[in-house]
Amino acid sequence: MADPQTTPDSIPPDGPAAPRPSRAQAFRETLSELTRLDGVRGGLIVTPDGLVITSELPPRFPVEALAALAATLGRELELGASRLERGAFRTALFSADDGTVFVGGSPVGYVTVVADRNVNSEGVRTALGRAVDRLRGTWRTSPI
Amino acid sequence: MGLATFLERTWSGITGLVKPRSASSLFRLADQFRHEGRYEDAAELITEGLRVSPNIAVGHLLDAYLHVVFREMPAAKASFRRVLALDPYHPRALFGLARIALEEGDIEGCRPFLDRAIQYFPDFPEAKALQEMVATWTAPAAGASTAIGTISLERLRLPSGAHDLVVTQADGTLVFAQGSEERQKHLGLHMTQVYRIASATLARAGLGAMRRGVIEGAAETTFLRSDGGVILGVALAREVEVGAGLVQVGRLWTDLNIKA
């Protein structure tokens, strides 16, 4: 297992934790449903402390860097919603010339989806909302 | 508690009678639970481990991580500092404190933590990503224009129910904001930070500079537009669809005579 004292803990040397009928399984299934959508390149679920719980991104994608930024963005969106009294942050999308990043917020962490420029934003946003609701459910229920 | 957890704990209790578990084994299992999202179970093990061995840095580090997950930032900060008291160059603790400083809006306080983390642990992509992001942030120039109130709301095609209209420059200079002075300050800071972090995220994903944003809250939806120099944000009713909201923000952008 990863030694958090010396190793970046988002990349445990022995790989991701073994599948269990637990939150971890729910995380993987939730992300997998999103990455199957048309125009979605990949995604990850990252905890507020930046730990990558699960990721499905193309090879050579900078997973650790993206995770750190996604966790920072997720926290800013949470904090802004709280400070401005806008209710809990649910989802967000940010588009650029070559694609869009979607972020969903939940107590467990943040779902981040990287998509092509011409992706169906409304469709991904709806699916992301469902994913966020599912993650909220895992937080409320017993982990096993 | 589920059956598996119950059996696991019963078994561990029985074996514990024979041989008490070491702090390191408790922390190892806690870290495994953390990777599986079993935060409550991890927290129990960390508490037990730190009771047995209160001077193990990794225990305090795991404790800090869980406080962050539970959004207990003062406690997280204290735990990260305990790690540094035991190991002044611990990169993960330095990184944790950098991230907390960042979310507190303390950019100058964040930078030294990142610099130290990378100095002692050069192969640290997460810290490098934040360091590169923060390096591009500039403070508002001295004497920069903060012409709040010079924008005439009457001349804008402000959609019905729209509020929290805010215009800032990418360096954080507030150009205009609705609401009280306190709210203006929060709006300006938040819009600037969201723009900066989202831009860094998009760039890291190889997608280019941020042009538009939509933030859905429980009560309302915020729409953003930027050309890289100016950021426009406005809150609309939550029911407004993404396409319609972006069109309305586009009209405001034109009314404000901001050249994209």
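Bear in mind that the values here come from a model prediction, so they are computed numbers and not experimental data.

Asker: Help me out: how do you make sense of the overall build of chain A in this one?
Answerer: The helix and strand inventory of chain A stands at 3 helices and 5 strands. For chain A, the α and β elements follow one another from N to C terminus as α-β-β-α-β-β-β-α. When each of the 144 residues of chain A is scored for burial, the buried share is 55%. For chain A, restricting intrachain contacts to residue pairs at least 6 apart in sequence, the fraction spanning at least 24 positions comes to 55%.

Asker: Got a minute to help me understand the interface of chain A and chain B in this structure?
Answerer: Interface size is commonly expressed as the accessible area that is lost once the parts come together. Listed per partner, the contact involves 60 residues of chain A and 61 residues of chain B. Of all the secondary structure elements, the ones that give two or more residues to the side of chain A that touches chain B are α1 (23-35), α2 (63-83), β3 (89-96), β4 (99-105) and α3 (121-140) of chain A. The element contributing the most residues to the side of chain A that touches chain B is α2 of chain A, with 16 residues. With 7 bridges joining them, β3 of chain A and strand β3 (residues 210-217) of chain B adopt antiparallel strand pairing.

Asker: Quick question: what am I supposed to make of the domain arrangement of chain B here?
Answerer: Per the domain assignment, the segments of chain B are domain 1 (3-135) and domain 2 (153-255). Centre-to-centre, using C-alpha coordinates, domain 1 of chain B lies 35 Å away from domain 2 of chain B.

Asker: Help me out: how do you make sense of the pairing of strand β2 (residues 52-56) of chain A in this one?
Answerer: The two faces of the sheet receive side chains in turn, since in a regular strand these alternate between them. Residues and elements named next belong to chain A. Counting buried positions over the 5 residues of β2 gives 4, a clear majority of the element. Both strand β1 (residues 40-46) and β2 contribute to a ladder of 4 bridges, which runs antiparallel. Paired with G43 across the strands is E56, a residue of β2. As consecutive antiparallel partners, β1 and β2 are separated by 5 residues, and within that stretch G50 has a phi angle of approximately 95°, a positive value.

Asker: Help me understand the environment of D116 of chain A, please; the structure alone is not making it clear to me.
Answerer: Residue and element names in this part refer to chain A. Considering the arrangement of structural elements, one finds D116 in the loop between β5 (110-115) and α3. Sequence-wise, D116 and V40 are 76 residues apart; in three dimensions their C-alpha atoms are separated by 6.2 Å. The contact partners of D116, leaving out residues within four places of it in the chain, are G39, R41 and G99.

Asker: In this structure, what is going on with the environment of R36 of chain A? I would like to understand it.
Answerer: Residue and element names in this part refer to chain A. Looking at the secondary structure, you find R36 in the loop between α1 and β1. C-beta crowding within 10 Å serves as the criterion here: with 10 such atoms nearby, R36 is assigned to the exposed category. Here the alpha-carbon distance between R36 and F102, two residues 66 residues apart in the chain, equals 15 Å.

Asker: Help me understand the nonpolar core in this model?
Answerer: A general trend in soluble globular proteins is that nonpolar side chains are found buried together. Counting residues in hydrophobic clusters, the biggest one holds 113 residues, and the most contacted among them are V46, L69, A70 and V111 of chain A together with A98 of chain B. In terms of residue count, α2 of chain A provides more of this core than any other element does, 10 residues in total. For this core, the domains that each give at least three residues are domain 1 (3-135) and domain 2 (153-255) of chain B. Ignoring sequence-local partners within four residues, the contact set of L69 of chain A consists of A129, M133, I197, A200, T201 and R204 of chain B.

Asker: So what exactly am I meant to see when it comes to the sheet that holds strand β5 (residues 230-237) of chain B here?
Answerer: Spatially, 10 strands are ordered β2(A)-β1(A)-β5(A)-β4(A)-β3(A)-β3(B)-β4(B)-β5(B)-β1(B)-β2(B) in an open sheet, and the strand pairing comes out antiparallel. Here the strands that pair on one side only, and so sit at the sheet edges, are β2 of chain A together with β2 (174-177) of chain B. Shown here is a sheet whose adjacent strand axes are inclined to one another by a mean of 10°, direction ignored. As paired strands, strand β4 (residues 220-226) of chain B and β5 of chain B are joined by 7 bridges and run antiparallel to one another. Among the inter-strand pairings, S226 of chain B is bridged to a residue of β5 of chain B, identified as I231 of chain B. Sheet strands in contact with helix α9 (residues 181-204) of chain B are β3 and β4 of chain A together with β1 (163-169), β2, β3, β4 and β5 of chain B, and its direction is about 60° off that of β1 of chain B.

Asker: How should the packing of helix α2 (residues 23-35) of chain B against helix α3 (residues 39-52) of chain B be read in this particular structure?
Answerer: Residue and element names in this part refer to chain B. Contact pair α2 / α3: the axes reach a minimum separation of 8 Å and the direction vectors enclose 165°. By the angle class used here, α2 and α3 are roughly antiparallel. Both α2 and α3 take part in a crossing whose hand is left-handed. Contact residues: α2 offers A23, L26, F27, L29, A30, F33 and R34, while α3 offers Y39, D41, A42, L45, I46, E48, G49 and V52. Residue composition of the contact of α2 with α3, by class: 11 nonpolar, 1 polar and 3 charged.

Asker: Hey, could you run me through the confidence of the model for chain B in this one?
Answerer: Low-confidence regions, as indicated by low pLDDT, have predicted coordinates that should not be scrutinised in detail. Residue and element names in this part refer to chain B. Per-residue confidence for chain B averages 88 on the pLDDT scale, and 86% of its residues sit at or above 70. Between the elements of chain B, mean pLDDT differs from a low of 58, seen in helix α1 (residues 3-18), to a high of 98, seen in helix α5 (residues 73-86). With pTM at 0.87, the complex prediction returns an ipTM value of 0.87.

Asker: What am I meant to see in the confidence of the model for chain A here?
Answerer: Here chain A averages 84 in pLDDT, and 81% of its residues register 70 or above. Low pLDDT, under 50, characterises residues 1-20 of chain A; the predicted model gives this stretch 40 contacts beyond four residues in sequence or across chains.

Asker: Can you help me understand the packing of α2 of chain B against helix α4 (residues 57-69) of chain B in this one?
Answerer: For any two helices packed against each other, the geometry comes down to the angle between their axes and how far apart the axes lie. All names here are of chain B. In the contact formed by α2 and α4, the axes pass within 10 Å of each other and the chain directions differ by 25°. Between α2 and α4, the angle falls in the class roughly parallel. Crossing geometry of α2 relative to α4 is assigned as left-handed. Counted together, A23, F27, A30, D31 and R34 of α2 and V58, G59, L62 and Y65 of α4 form the full contact between these two elements. Of the residues belonging to the contact of α2 with α4, the class tally is 6 nonpolar, 1 polar and 2 charged.

Asker: I tried to follow unusual backbone geometry on my own but got confused; where do I start?
Answerer: Trans is the prevailing form of peptide bonds, just as negative phi is the prevailing case for residues other than glycine. Residues and elements named next belong to chain A. We note that R60 has phi near 70°; this positive angle belongs to a residue other than glycine. Note that R60 resides in the loop between β2 and α2. Of note, the phi angle at E85 is positive, near 55°, even though the residue is not glycine. Counting through the fold element by element, E85 comes out in the loop between α2 and β3. Given 10 C-beta atoms within 10 Å, E85 falls into the exposed group.

Rules used throughout
- Residues numbered from 1 in each chain as written.
- Chains lettered and ligands numbered in written order.
- Predicted model: local features only at pLDDT ≥ 70, side-chain atom pairs only at ≥ 80, totals over all residues.
- Helix = DSSP H or I, 4+ residues; strand = E, 2+ residues; numbered from the N terminus.
- Buried ≥ 20, exposed ≤ 12 C-beta atoms within 10 Å, placed from the backbone.
- Contact = placed C-beta atoms within 7 Å.
- Pairing = 2+ DSSP bridges.
- Domains from an automatic or database assignment.
- Core = buried A, V, L, I, M, F, W, Y, C linked by C-beta atoms within 7 Å.
- Axes fitted to C-alpha atoms, helices over the stretch in contact; angles between N-to-C directions.
- Parallel < 35°, antiparallel > 145°, perpendicular 65-115°, else oblique.
- Left-handed = near helix turned anticlockwise from the far one by under 90°.
- Nonpolar A, V, L, I, M, F, W, Y, C, P; charged D, E, K, R; others polar.
- pLDDT = per-residue confidence, 0-100.

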